[in-house]
Amino acid sequence: MLSFLSCLTMRIGQLCHATLSSSDEPTLIEELFEYFSEKYFSVRFEEYNYQNISVNSGGLLSAQAVIIAFFLGLIIAAGIAMFQKRTLGDLVRALDRENANEPGRAMTLEQLGLIRNSAIKQDLRHGTALRRVVRCVEEQEYLAVMAERKAAFEANKENIEKKWKEIPFQYDFYNHHFYIPAELMFGADVHFNKKGSNPLVFAFTIVLFVVVASLVCYLLPEMLQLADNFVGMLKG
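Residues numbered from 1 in each chain as written. Predicted model: local features only at pLDDT ≥ 70, side-chain atom pairs only at ≥ 80, totals over all residues. Heavy atoms only, no water.

1. Quick notes on helix H5 (residues 137-155)
For the α-helix, the turn length of 3.6 residues means that residues three or four positions removed from each other point alike. Just so we agree on the cut-off: Every helix listed is a DSSP run of H or I at least four residues long, and every strand listed is a run of E at least two residues long, numbered separately from the N terminus. The span expected for a helix works out to 1.5 Å for each residue beyond the first. Burial classification: accessible surface area is computed with a 1.4 Å probe over protein chains only, and a residue below 20% of its type maximum counts as buried, one above 50% as exposed, and the rest as partly exposed. Only heavy atoms enter the contact rule, under which two residues are in contact if any of them lie within 4.5 Å.
Its 19 residues place the ends of H5 27 Å apart at the C-alpha level, agreeing with the 27 Å of an ideal helix rising 1.5 Å per residue. All of the buried residues in H5 are Val137, Glu138, Glu139, Met146 and Phe153. Looking at the buried positions of H5, the neighbouring elements they touch are strand E1 (135-136) and strand E2 (178-179).

Structure below.
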């Protein structure tokens, strides 16, 4: 999650910098973004007298963009977490409710009443959140057969210069069965627990992050001034 947040923050920072530095005629969204960023998220280094710390105009823009990007990254991460708990977590809770904790007790999405949940199907196909804990009986059987065929292919000397071609498994959500291994069930329940994922809580989180980001932008120059004074005292 930390690596994801770091990459997300960097990417948002680049987008913010591109928006603020654009020389083209600004759009309404860009004008609104610039207005609110200047009013509530300005990092006013120019109002302070730094004797030992060098802060240029590029540093001012970078500090503002990084702070905004970091808190936007936190908000997006919180939104993803809420989506996983409330939407993708429906499959985990359904499997737990039906005690589908071994291949013999596996069930289809149709049996679980989730056949219309496109988010769950998409994540099982291409995502990682559910695939960390949810297992498909037919997929495991398919992979076992493919592993045997690959071993036989590589053991054949006639294929020494040939390359084994992997054929991806295709899900049939009406007929394929899913379960969560018993040893993973508790962790899955905790990870996908709906507690704290209420949309109102998420809205409050957004407001809190916006307020904190504004405070950080406001206090950063003062904190640098204190650091500058401390460096000056050491030089003494």
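Don't stop here, the text continues.
2. A closer look at a nonpolar patch on the surface
The condition that has to hold: Patch members must show over 30% relative accessible area and no salt bridge, and they are joined within 9 Å when carrying like charges or within 5 Å when they are nonpolar side chains of Val, Leu, Ile, Met, Phe, Trp or Tyr. Note on areas: Shrake-Rupley, 1.4 Å probe, and residue coverage restricted to the protein chains presented here. Salt bridges, as used here, are contacts in which a Lys or Arg side-chain nitrogen is within 4 Å of a carboxyl oxygen on Asp or Glu.
A surface patch of nonpolar side chains, amounting to about 610 Å² of accessible area, comprises Val207, Val211, Leu215, Tyr218, Leu219 and Met223. Checked against the element boundaries, Val211 lands in helix H7 (residues 199-235). What makes Val211 partly exposed here is its relative accessible area of 42%.

3. A short note on helix H4 (residues 118-126)
Defined as follows: This arc is built from the directions going out from the helix axis to the C-beta atoms. Any pair of N or O atoms that falls within 3.5 Å is considered a polar contact. Within protein, one atom must be able to donate a hydrogen and the other to accept it, and sequence-neighbouring residues count only if both atoms are side-chain atoms.
Along H4, the residues that are buried comprise Ile120, Lys121, Asp123 and Leu124. For H4, the angular spread of the buried residues around the axis is 165 degrees, confining them to a single face. In this structure, H4 carries Ser118 and His126 as exposed residues pointing more than 90 degrees from its buried face. At the N-terminal end of H4, a side-chain oxygen is found 3.2 Å from the backbone nitrogen of Ala119, two or three residues along, and the residue is Asn117.

4. Notes on the pattern of salt bridges
What the rule picks out here adds up to four salt bridges. Where Asp90 meets Arg93, a salt bridge forms, and the shortest distance between an N and an O atom there is 3.0 Å. Of this pair, Asp90 and Arg93 are both found in helix H3 (residues 57-97), three residues apart, which corresponds to roughly one turn of the helix. Look at Arg93 and you get partly exposed, because its relative accessible area is 23%. A salt bridge links Arg97 to Glu98, with the nearest nitrogen and oxygen atoms 4.0 Å apart. Assessed through its relative accessible area of 34%, Glu98 is described here as partly exposed.

5. Some points on the packing of aromatic side chains
Applicable threshold: The rule is short: rings of Phe, Tyr and Trp, with Trp giving its six-membered ring, pair when the centres are within 6.5 Å, and they are stacked under 30 degrees, edge-to-face over 60, tilted in between.
Summed over all chains, the structure comprises eight aromatic pairs. Summarising the aromatic geometry, the rings of Tyr142 and Phe169 are spaced 5.4 Å apart at their centres and angled 55 degrees between planes, so their arrangement reads as tilted. A residue pair is termed long-range when its members are at least 10 positions apart, and Tyr142 in helix H5 and Phe169 in the loop between H5 and E2 qualify at 27 residues. The class for Tyr142 is partly exposed, based on a relative accessible area of 22%. By relative accessible area, Phe169 is classed as buried at 18%.

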